[in-house]
Every structure is written in structure tokens, then in C-alpha cells.
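Commentary on secondary and tertiary structure
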Amino acid sequence: MYSSRFLSVILFILVSLSAQANTHRLPENITLERQNVALTLSPKQSEFSGYTLMHLAIKQSSDIVAYHVRDLVIESVELTHKGQTTSLEIVQPNEFDIVTHQLSKPISGQAKLQIRYKGKINQKTMGLFVADQQSGSPYIFSQFQEMEARTVFPGFDAPDKKARFEFSVDIPKQYDALHNTSVVSSQVQEERKIVRFAPSHKIYSDVLALAVGEFHSVKLKGTPNNSVVYAPKTITLNLPDDMSELVSNTVRFMEDYLDYPFPYSKLDFFVAPIDGLAAMENVGLIALNSHQIPEQDADGFAMCRFRKLIAHEVVHMWFGNDITMGWYNDYWMHESFAEFFAAKVLQALYPQETGCAFNPQSSAFFDDKHSARALRSEVKYRGDNEAIGQLAYTKGRSVLEMAELALGKAQFKTQMRAYVKQVAGANTSAPLFTQHFANRAWFEAFINAFITQSNYPLLTLSKQNAQIVIQQSSFDSSQDKRWTIPLTLKIWDGKALKTHKMVLNKARMVISNVPANAQIFLDTNGIGYFRYLDTTGNGKFPVAQLSRAEQASYIDNQEALAMAAKIDFMAYIDSLLHIINTLPHGTLEVSNALSTLQDTFVTLIPESLSDEYAHYLRSKLPSISEWPPILANQNGGLWLELYGLNLSDSSAISAAKQAYKGAPLSELAHRTAVLRVLVANASEQEYQTLLSQFAPSEKHIKEDLLDSLGYGNTHSQIKAFYDLLLSDATKGHDIDYRFQFPAFSPKHRAYAGEYIRSHKKAISKRIADDKLQWFPYNFITACSAKDAKIVKSTFADWQDVQGLDAKLNIVLEVINECAGNAKRSLQSVRDRLGKNQHSL
Ligand SMILES: [Zn+2]
């Protein structure tokens, strides 16, 4: 799955309950072989009715039968065993949604369970939900990941209980129905239509799907499974030209790499604006949010992100759907493998546009704090995995890339093939995976160090007794942890480049056979899940000897060290200013430097210093009077935002105003940047005018407005923005992370907190239950003790939201850590500003 998300993501500490062992799991000795599900439903009705028949196989004799149910009204339960049918008493589920029927005498062998029931269609993206009600042509779609299938039919809703499913639906005759498998019959009877689908492969319930509505479709010509893209008829399908090629090539790449054919016979897509979801890997019917489809004139980076998303979902057909975690604690394996191979697909098929797939780990570090949840953690409740968030993708992929780098590509591929052969069509786990690499003594300790611990290592190079020494510690020093880390070092001795492999498994090791004056680069390929600090004094590693990904890693690492006050902050700012003043305006390096300068306003500089700091930067940055040549660059928006939004530069503000007057919104270049600058500098009346653009605009322009209107500069503007987010006008758009924009500004955090505190009810109505826990992340860029207080009081009444407490702890750890580090960084800023004023 891919959720739409905040700046970044993560975890939590489980509430420990005194539950008996395994009451959160179904009995091991009963398996589900086949299940029929028949639903009677309509997009215009809020309730549906269902009938299900489960074919059970009971290995040892059992005096119970058990299955999952949530939010369903059970009408009857009948058990058939050895030709005898008995009615079972209706029992309420336990806190893990498990219904257990005590039987009068033990049974074994084959048994059938038949259940009649009623359920409710959701308004939010959970279980079966309805969308587009306002348009007059509503449709039903499903999202079962994770543990949501149980809200649609009673069943064995667990990844180790794979079964063949046979679905049928009874719907009003004007609608179509889509499912994981093809339609085998469709019979109209008066006003109704009964649609039966082919039986599925053996799959787990999270990846089942159902859509009911009025749809149109486009064929993806030449694809190996004759893929079709469906969409509600209210949605225009503008797919990129190379979509067919992308799907075909991804399938072929995976078949070739794994030496294992595509495991299913159908690979269709369902495209719609789905709240809170970018895409979902349902077997044979991948869900794709229409907002993820790039515009016709999208740049390389946007195309790269889209291709990576599609490749990711297609890869899930192998990793996740065919090879499935044995339990949810290994959910990280689904996302990590999907990300790992999606990046490989991009590198193989689009080598010129892989920028979006660099540095898998860089966004993960952000909130992988000690209080974060480890990738492999106990899971009992729905939403526990939602709590891991982005780390399952980024950190997990980075660990796989480190493994591949250490073993070499060919060796890694050979062992992956052997692994896939063993677990094909079945369940897997982290231990099963690491077993295949047992010929490397360090492998298991390495994987476990990264998947069972939070936070990440800081590797420090130093010179002691004419030798180079490498040490490890936790990046966040409040706790000390150890990792086993395979390293491939790049060594430059002034003449030639060499590599050196080692496994760091102690706090401190001497790097042998390397000259004491050599320059060493620690993050070969830019993939390491660690940060690094060079205190040898041997000078900077020559940039020309680094790949693009390694250069990006170097830049990202320096930023992290500066933000955490591990190097001098203003010396770092000087290096950014140097880049901006010496390199061509449109380069990637300049883009990074510009956006980092912007970040410093959000994550470090307090309101009291912000004017002076902006003044200092303006005095050191290029003075721009002619904006059109700057805006002609792909990164023109970054220039405009930094100057117009953060530096209040009058020429940038006029340039934004001119651009806005000169073109309709639909044709406006750098639309988001222009809008943000206008919003940040708007009078009340101007803000109202911009706000009024929302209702009549096309969906993609609405998206840009939602990314801009939160930059208002007064409380009434922020209130108007938040009211818009919570209104019906934004249905079908993600709203959760957009609450963070006003909170980016230190001076508006208190007001943002107060609004959120007093609108808990309205917010809860719009956000899926398991996603509500992320709301504190809207304040994760805050950086002072005062901010921490604001955040605590904002969420004081949210303790009933599952997982929220743990998220709040992470956010508070980020804020407090930042506040601690900021003391040194801000001293560096004050010293410089003081000096600067002196010299004036
Ligand atoms: Zn995924």
C-alpha cells in the first residue's frame, strides 16, 4: 500500500494488555480452504446484507470454531459437520474481533460454516466505502488493508490463513461490479443484476477488492495480462503514454530477476480519488488514486514518482500477495521488497530519470527516534502497522540495499531466487529470509539490528596513533545502541580510488590496510541507514569521485549533522550560500540548497530571530531584480518561495503578483509557489479572493490551492483555511497532513493547536480511524519547549484515539531533541548576526 503522508513517518510502543497468549490469533489447527461471499448492495444504500460459506479443514479435533467479525450484525450461524447441520448461538467478538463458538463436542476433518449478516457501508476509506455521493453517481470501493475485510464478511482475516475466495454480488442493474478476478456470469432479473466472479487464487483477505458503480475503462495495449484501467464515469482517465510499457516492463523485469512467472492471471487497475490512499496492491485490481497520475506536462521527477508507485504495486503481486508475511509483524517485508524492486525497475528501464529513487533512507531518519516503533514489532490490533508508517518502506529498503551492496549484485540475486523458490505461494518471515544468507556469519545480526531497534547509527571517523578508527553510537544520544553494519568504503589516496569492505560489529574498530592520510567516503551508493561524521582532518572526499546518489547522500548527511548541531550551523549555511552563489541557478545542487534554507525557517529559526536571519540571508544571496529568467528554470518555484515567502523580498512578491495576473490558474507556471507567495503576503480581501478560486477549479488546481492556502498570515486566514479543509468541498482530497502548513510558522503554532483541539469531532469525522493517530505529526517541525507544551495541550483530549499516545511521544521526542540541539545552532546564528551587525 502507499498512503499519502506527512513530511515523513513512524511507530509506537504497544499498550500491553494482560490478554492470554494468542487470543489475538485464530486457532492454528483450523484452516480455511475456500470461502464464498455473496453481497446484496447498492451505492445508494448505507447498508448491505451478506451470506458467506466457509469450507474449513480441522487438523486435530477442536471443540471451538473461531473467525473474525467487526461491525457486522450476525443473523444466523450454522455449522455443518459429517452431514449434520447445527445452529450456533450468536456470540460477540472479543477485543481482537474474534468470535469463538464453543461446540458441544469436538470435531475434526472437513466442516462448513454458513453465516447470514448485515453490514454498513463506510463514508471513510475503510472496509467497503461509498464515494462521490454528491455527484449523483456514487460508487462503492473497498480498502481491506489491514484487517478490514472482517467489516465486510465474517472470515479468517489473517495473512497466514490464505484461501480461495468466490465472490458474487446482487446490485441494481445499472451498475457494474469489479473484483480481483473476472466476471463469469452476469444475469439481470427485473431491476437487479447478479454478478458472479471466478474463484481467486489462494490469497489473504487484505488484498481482496470490490467496486460497484458506473465505470468506464481503457485497455493497456500489449500488456502481458491484457490489463484494463477502470474508473468511475465521473473521472477522466488521462494516463501517461508509457503506462502500458511500464506495466509490461515491470512484469517482465520481475519474472526475469526472480526466475519466477507472474503469479496471477489478471492485472487490472481501478482509478479514483481515494481519500488517504495513493495506491493499493489488490490482487488483479490495483487501486490507484487519480491524483497520483501526472499532468501531461509533468517534469521528470513527477514521472519518476508515478512510475515508482506503479512498479511498487506491481512488485507486490510477488512480494506481499504471492509471498505473504506469516503475521503482521513482518509487514515491513511487503513494503521494503516492493520499494527495493521498484527502484531496480526504474534503474533498469528509465536510467535517466531515477532521481526520485535515490537515497531510500533519507526521509526515514527524520522521525526514527528512540521512541519510534521498530520495523519488526508485535502486532495485535488493527492500526498497529499503520503505526510504522513510512519506515517500513524507506528503512526496510535501505537495509535490503545494504545487504545487496555487501554481497554483490550477482550473489544477492542468486540467494533471492533460492528464497523465492522456497516461499512461493506461501507465507514468510524475517527469520526465513535471513536463513538464506546463513553463509555470511554477520547477516542475521545485521538484519536484526536494523529491524528490531529504532533509531540509527552515527559513524565517526577519527585518526588515532596514525591509524583511521571508526566508531558507532546512536545518532540521538539519549540512548546508546549497537548495530552490526556491513560497510563498503570508498578510499581516495590522492591518486586512485579503491574500495574496502568491512563489517562493523563493535563500538570501535581500526580500519586496517588504509593509509592514515586517505580520504574516506562511508556511504557507497548513498544507501546506508546511518549518518557519518569525518573528524580525521584528512580533507573532503573529492566530489568528482562520487556518483549522483552519493553526492545527494553527502548533502543530506551534512544537513542532518548541521540540524543536529554536530557540525557548526552557520559554517554549514555558508556552504549552501556558496553553492547558490557559484553554481548555475537551475542545478540540482542549488535546488537542494534553496529548499534547505527554507527548511531552516520551519524547523529551527524562532519567530524572534526570523527577521534578522532573513535579512542576513538576503544580504548574502544573489539580488534578483529580473524574475522571468529565474522562473524559466525548472526550480524557479523554489527561488520564488524562498525569496517571496521566507525572505519577504519585494521583487519576488511583485513577480508572483504579475505571474498571477498574467495567466489563468490553469496555465500558471510554478503554480504552488506563486500561490504560496501571494497567500503569505495577502490582505484579508486578497486572501478571500484566492480562497474563492477553490470551488470553481479543476481537481489538480484544487490540490495546489490546498497546498498553498495554509500559508496565510493572520488568524482569520488560518481559520478560513481550516474551515475549508473540514468542509464538504474538500471531500476526495487528502486533508490530514495539510493541517501542518499553518503550523510551519512558529508564530501560528499556538493558534493551529487551539483550532485542532476544539475541532476534534469534525476532524474525526473525516479521517479514517486508524489514520487519526498521525494528527500530532502536523507539529513535527516544531522546535522549542513552548511548542512541546502547545502540542501536549492540543491533544490532551485525544487519548481515546488508538495509537495516538505513541505518536505524540515521537513528536515530542523530535521537538525536544530539536530544542536541545537548537541551543548550539542558534548560538552560532546569533554570533554571526551579531558580527554582521557589527560590521555594518
Ligand atoms: Zn506497498
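Computed from a predicted structure; not experimentally measured.

Overview of the sheet that holds strand β25 (residues 497-504)
The 3 strands lie next to each other as β25-β24-β27, forming an open sheet whose pairing is antiparallel. Of all the strands in the sheet, the pair left with one neighbour each is β25 and β27 (519-521). Pairwise comparison of adjacent strand axes, ignoring direction, gives a mean angle of 30° for this sheet. For strand β24 (residues 485-492) and β25, the ladder comprises 8 bridges, and the chain directions are antiparallel. Bridging across to β25, Ile 485 finds its partner in Leu 504. Against the sheet, helix α5 (residues 391-407) contacts β24 and β25, and its axis sits at roughly 60° relative to β24.

What about the domain arrangement of the protein?
Assigned domains of the protein: these are domain 1 (457-559), domain 2 (568-681) and domain 3 (709-840). Relative to domain 2, the C-alpha centre of domain 1 lies at a distance of 33 Å. Contacts between the two partners involve 5 residues from domain 1 and, on the opposite side, 6 residues from domain 2. Buried area between domain 1 and domain 2, both sides added, is near 450 Å², and the carbon and sulfur share of it is 57%. Together, Ile 555, Gln 558 and Glu 559 form the three largest contributors to the area buried by domain 1 at its contact with domain 2, with a combined 80%. At the junction of domain 1 with domain 2, the criterion picks out 0 salt bridges. Our enumeration of links across domain 1 and domain 2 arrives at 0 residue pairs in polar contact (both at pLDDT 80 or more). Split into classes, the residues belonging to the side of domain 1 that touches domain 2 amount to 1 nonpolar, 2 polar and 2 charged.

Side note on the pattern of salt bridges
Within the structure shown, the criterion is met by 32 salt bridges. Of the charged contacts in the structure, one is a salt bridge between Asp 71 and Arg 70, with a shortest N-O distance of 3.9 Å. Judged by its relative accessible area of 60%, Asp 71 falls in the exposed class. For the salt bridge of Arg 531 with Asp 556, the shortest nitrogen-to-oxygen distance reads 3.0 Å. Taken together, the positions of Arg 531 in strand β28 (residues 531-534) and Asp 556 in helix α9 (residues 548-563) put the pair 25 residues apart, joining distant regions of the chain. Residue classification places Arg 531 among the buried positions, given a relative accessible area of 6%. Within this structure, Arg 70, Asp 71, Asp 97, Arg 150 and Asp 157 form a network of salt bridges that share partners.

Some remarks on helix α14 (residues 636-646)
Counting along an α-helix, one turn takes 3.6 residues, and residues three or four places apart therefore face a common direction. Counting buried residues in α14 gives 10 out of 11 residues, a clear majority hidden from the surface. For α14, the elements touching its buried residues are α10 (569-582), α11 (588-603), α12 (607-620), α13 (628-631), α15 (650-662) and α16 (671-680). Directly after α14, the chain includes Ser 648, whose backbone phi takes a positive value near 45°.

What about the sheet that holds strand β23 (residues 467-474)?
Taken in spatial order, the 4 strands make up an open sheet running β26-β23-β22-β28, and their pairing is mixed. Only two strands of the sheet have a single neighbouring strand rather than two, namely β26 (508-510) and β28. Averaged over all pairs of adjacent strands, the angle between their axes in this sheet comes to 20°, without regard to strand direction. As judged from the 3 bridges shared by β23 and β26, these two strands associate in the antiparallel manner. In the strand pairing of β26, Val 469 is matched with Val 510. Seen against the sheet, α9 touches β22 (457-464) and β28 and runs at an angle of roughly 80° to β28.

Quick notes on the state of the cysteines
This model, assessed by the stated rule, comprises 2 disulfides. Across the disulfide from Cys 304 sits Cys 356; the S-S distance is 2.1 Å. Sign of the S-S torsion, about -75° for the bond between Cys 304 and Cys 356, identifies this disulfide as left-handed. Here the residue Cys 304 occupies a position in helix α2 (residues 300-315), and Cys 356 occupies one in the loop between α3 (331-349) and α4 (362-365), the gap between them amounting to 52 residues. With its sulfur 2.0 Å from that of its partner, Cys 783 forms a disulfide with Cys 818. Measuring handedness by torsion sign, the sulfur bridge of Cys 783 and Cys 818 sits at about -90° and is left-handed. Taken together, the positions of Cys 783 in the loop between α22 (760-766) and α23 (785-794) and Cys 818 in helix α24 (residues 804-839) put the pair 35 residues apart, joining distant regions of the chain. Taken as a pair, Cys 783 and Cys 818 share a single burial class, namely buried. Once the disulfide-bonded cysteines of the protein are ranked by sequence position, their pairing pattern turns out to be 1-2, 3-4.

Definitions and cut-offs
- Residues numbered from 1 in each chain as written.
- Predicted model: local features only at pLDDT ≥ 70, side-chain atom pairs only at ≥ 80, totals over all residues.
- Heavy atoms only, no water.
- Pairing = 2+ DSSP bridges.
- Helix = DSSP H or I, 4+ residues; strand = E, 2+ residues; numbered from the N terminus.
- Axes fitted to C-alpha atoms, helices over the stretch in contact; angles between N-to-C directions.
- Contact = heavy atoms within 4.5 Å.
- Domains from an automatic or database assignment.
- Buried area = accessible area lost by both parts, 1.4 Å probe.
- Salt bridge = Lys/Arg side-chain N within 4 Å of Asp/Glu carboxyl O.
- Polar contact = N/O pair within 3.5 Å; in protein donor to acceptor, adjacent residues only side chain to side chain.
- Nonpolar A, V, L, I, M, F, W, Y, C, P; charged D, E, K, R; others polar.
- Buried < 20%, exposed > 50% of the residue type's maximum accessible area, 1.4 Å probe, protein only.
- Disulfide = S-S within 2.5 Å.

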